[in-house]
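Survey of secondary and tertiary structure
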Amino acid sequence: MGAHICIIGTGYVGLVTGACFAEVGHRVICVDNDLNKVAFLQRGGIPIYEPGLDEIVHRNVTEGRLRFSGQIADGVRESEVIFIAVPTPPRPDGSVDMSYVEKVAREIATSITEYKIIVDKSTVPVKTGERVAETIRRYNKDKIEVDVVSSPEFLREGCAVQDLMQPDRIVIGVASQRPVAKMKEIYEPFHAPIIVTDINSAEMIKHACNSFLALKISYANALSAICEASGANVEDVVHGMGLDKRIGRAFLNAGLGYGGSCFPKDISAFIQIAHELGCEFDLLKEVQRINAEQIQRFLKKVHDTLWIVKDKTISILGLAFKPNTDDMRLAPSLEIIHSLQQEGARIKAYDPKAMDKAKELLTGVEFCPDPYTTSVGADALILCTEWDEFRQLDLEKLRSVMAQPIVLDGRNLFDPAKMKELGFAYKSVGR
Ligand code: UDX
């Protein structure tokens, strides 16, 4: 039969989690306070680009396991388990704005009339579970019993459905044993190891993971600078490192650094959380510094190559912060384009999915329908996102339309030997 679940928040995490819970047989109601978005979802629209998501949403809506509502009270009434998946955006000082979670906790408190399990899925500072439990106790007049659980989500944009359907592990943070059986029942169809911890540890696991992954990326990027200075090849270095099982090859790709809606925000937040607890996590400050420096080093390479940027036409391939998403949040392409525009360059750009969102953030850019049109008359081409589509490019055709055969590859997508053979002046990162 499946469990009756309410998901509050239909952003990346909420919508994909709701759809995947329905896909494994649970009855899910997804709630959002943005009534336009709810109406759009009810009409069959999908507000984000995420491979495989539309299919799962449509199937489960048609088969009656997935619904959308604008009212928290609706979702709470019909569900045994309520997941909170609302944004936890950064404040100017890097700390986390918890006001959406707090508001939802208050609304849940005023809507419940019987025992519920309330699960936090958003990425939150350690000790949030205690705050949510306290808020619910305070605002529920009838003193109904609830259990608050922390179960952080580890999905990556671009492969969110796959990450959810085949997770490496599932974390359940609890204050008592009472909600454990129901939580295991919900997650059992995903056939992943389930670890049960206290709430604080579960909350910390999420921040610890994202920070460690960002640390791996900055480590590779710092190595790339030393490789360039010494004539070593960072790709070979990380390959040699990655075969050591204790290290692993994943998240060691040097490039333009990490962007997106999670790593930059979560690393700032973890630094701030540690600081508030009296612990200075300076290692993570260095991770941030290396990430910022990586773009500056790349821009220096552009300058060294072109000498004068003013009045040059530059073709940008890839705008999204990474492949398989239309997400432009903190995409390295933005900083690169802004900097080159400030110096008087003319920018033409193409991205397979992110151009609509990029148009809202960039002015004075000529958006083109394909990589070749983008590169017509270009004095240089800069690759910012490693979309698979760019691996299939006809490089001879590309060279023939460019004014100058100069390629600056921010993601090490092309083979340096092949580029040289084809007559390109080619620069990449750390090799
Ligand atoms: C991340 C975490 O991976 C996920 O578990 C968490 O739930 C949310 O944050 P996401 O931001 O969607 O997911 O993307 P991810 O694939 O992790 O990439 C993050 C950034 O790191 C991207 O900008 C990507 O280009 C960059 N990256 C990744 C590198 O520069 N090098 C790498 O080796 C890997």
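Residues numbered from 1 in each chain as written. Predicted model: local features only at pLDDT ≥ 70, side-chain atom pairs only at ≥ 80, totals over all residues. Heavy atoms only, no water.

**Quick word on the pairing of strand β2 (residues 27-31)**
- Among the five residues that make up β2, four are buried, leaving the element largely enclosed by the rest of the structure.
- Bridge count for strand β1 (residues 4-8) against β2 is five bridges, and the pairing is parallel. Bridge pairing in β2 places Cys6 opposite Ile29.
- Running through helix α1 (residues 12-23), the crossover from β1 to the neighbouring parallel element β2 is right-handed.
- Relative to strand β3 (residues 66-69), β2 runs parallel, the two being bridged by four bridges. Note that in β3 the partner of Ile29 across the bridge is Arg67. (Buried < 20%, exposed > 50% of the residue type's maximum accessible area, 1.4 Å probe, protein only. Helix = DSSP H or I, 4+ residues; strand = E, 2+ residues; numbered from the N terminus. Pairing = 2+ DSSP bridges. Right-handed = clockwise from strand over helix to strand, strands pointing away.)

**Here's the deal with the domain arrangement of the protein chain**
- Entries for the protein chain in the domain assignment read domain 1 (4-192), domain 2 (207-288) and domain 3 (294-427).
- Between domain 1 and domain 3, the C-alpha centre-to-centre distance is 38 Å.
- Considering only the surface of domain 1 that becomes buried against domain 3, Tyr12, Tyr49 and Glu157 emerge as the three largest contributors, covering 75% of it.
- Of the charged contacts, one joins Glu157 and Arg329 as a salt bridge, the two residues approaching to 3.7 Å between their closest N and O atoms.
- On the surface where domain 1 and domain 3 come into contact, there are three residue pairs in polar contact (both at pLDDT 80 or more).
- Looking at side-chain class alone, the side of domain 1 that touches domain 3 contains four nonpolar, one polar and two charged residues. (Domains from an automatic or database assignment. Buried area = accessible area lost by both parts, 1.4 Å probe. Salt bridge = Lys/Arg side-chain N within 4 Å of Asp/Glu carboxyl O. Polar contact = N/O pair within 3.5 Å; in protein donor to acceptor, adjacent residues only side chain to side chain. Nonpolar A, V, L, I, M, F, W, Y, C, P; charged D, E, K, R; others polar.)

**Here's the deal with the state of the cysteines**
- Across all of its chains, the model carries zero disulfides by this definition.
- Cysteine Cys30 shares no disulfide, and the gap to the nearest cysteine sulfur, in Cys6, comes to 7.9 Å.
- Residue classification places Cys30 among the buried residues on the basis of a relative accessible area of 1%.
- Cys262 carries a free sulfur, and the closest cysteine sulfur to it, the one in Cys159, is 12 Å from it.
- Assessed through its relative accessible area of 33%, Cys262 is described here as partly exposed. (Disulfide = S-S within 2.5 Å.)

**A look at helix α6 (residues 128-139)**
- Taking 1.5 Å per residue as the helical rise, α6 with its 12 residues ought to reach 16 Å, and the 16 Å between its terminal C-alpha atoms agrees with that figure.
- Three or more residues of α6 are buried, namely Thr128, Gly129, Val132, Ala133, Thr135 and Ile136. Buried residues of α6 fall within an arc of 160° about the axis and therefore sit on the same side. Every exposed residue of α6 that faces more than 90 degrees away from the buried side is listed here: Arg131, Arg137 and Arg138.
- The inward-facing, buried residues of α6 abut α5 (99-111), β5 (116-120), β6 (146-150) and α9 (199-230). (Expected span 1.5 Å × (residues − 1). Arc of directions from axis to C-beta. Contact = heavy atoms within 4.5 Å.)

**Quick notes on the packing of aromatic side chains**
- Inspection of every chain in the model, using the stated rule, returns eight aromatic pairs.
- On the basis of an interplanar angle of 65° and a centroid distance of 6.2 Å, the ring pair of Tyr350 and Phe390 is categorised as edge-to-face. Within this pair, whereas Tyr350 is found in strand β10 (residues 346-350), its partner Phe390 is found in helix α16 (residues 388-391), the two being separated by 40 residues in sequence. The pair formed by Tyr350 and Phe390 is uniform in burial state, with each residue classed as buried.
- Here a set of aromatic residues connected by ring pairs shows up, and it is made of Phe21, Phe83, Tyr187 and Phe190.
- Cation over ring: Arg169 sits above Phe154, and NZ or CZ is 3.6 Å from the ring centre.
- Sitting over the face of the ring of Tyr372, Lys397 holds its NZ or CZ atom 4.1 Å from the ring centroid. (Phe/Tyr/Trp six-rings, centres within 6.5 Å; stacked < 30°, edge-to-face > 60°. Lys NZ or Arg CZ within 6 Å of the ring centre and 35° of its normal.)

**A word on the side chain of Asp327**
- Relative to the elements of secondary structure, Asp327 occurs in the loop between β9 (313-317) and α13 (332-342).
- When near neighbours in sequence (up to four residues on either side) are disregarded, Asp327 contacts Tyr12, Glu157, Ser261, Ala320 and Phe321.

**Focus: the sheet that holds strand β14 (residues 425-427)**
- Read from one edge of the open sheet, six strands run β11-β10-β9-β12-β13-β14, paired in parallel fashion. Across the chains shown, the open sheet's two edge strands, defined by having one partner strand only, are β11 (365-367) and β14. If you compare each strand with its neighbour and ignore which way they point, the axes differ by 20° on average.
- Across three bridges, β10 lies against β11 in parallel orientation. Looking at the pairing, Ala349 lines up with Phe367 of β11.
- Contacting β9, β12 (380-383), β13 (406-409) and β14, helix α12 (residues 282-306) crosses the sheet at an angle of about 170° to β13.
- Taken strand by strand, α13 contacts β9, β10, β11 and β12, and its axis lies near 155° from that of β10. (Axes fitted to C-alpha atoms, helices over the stretch in contact; angles between N-to-C directions.)

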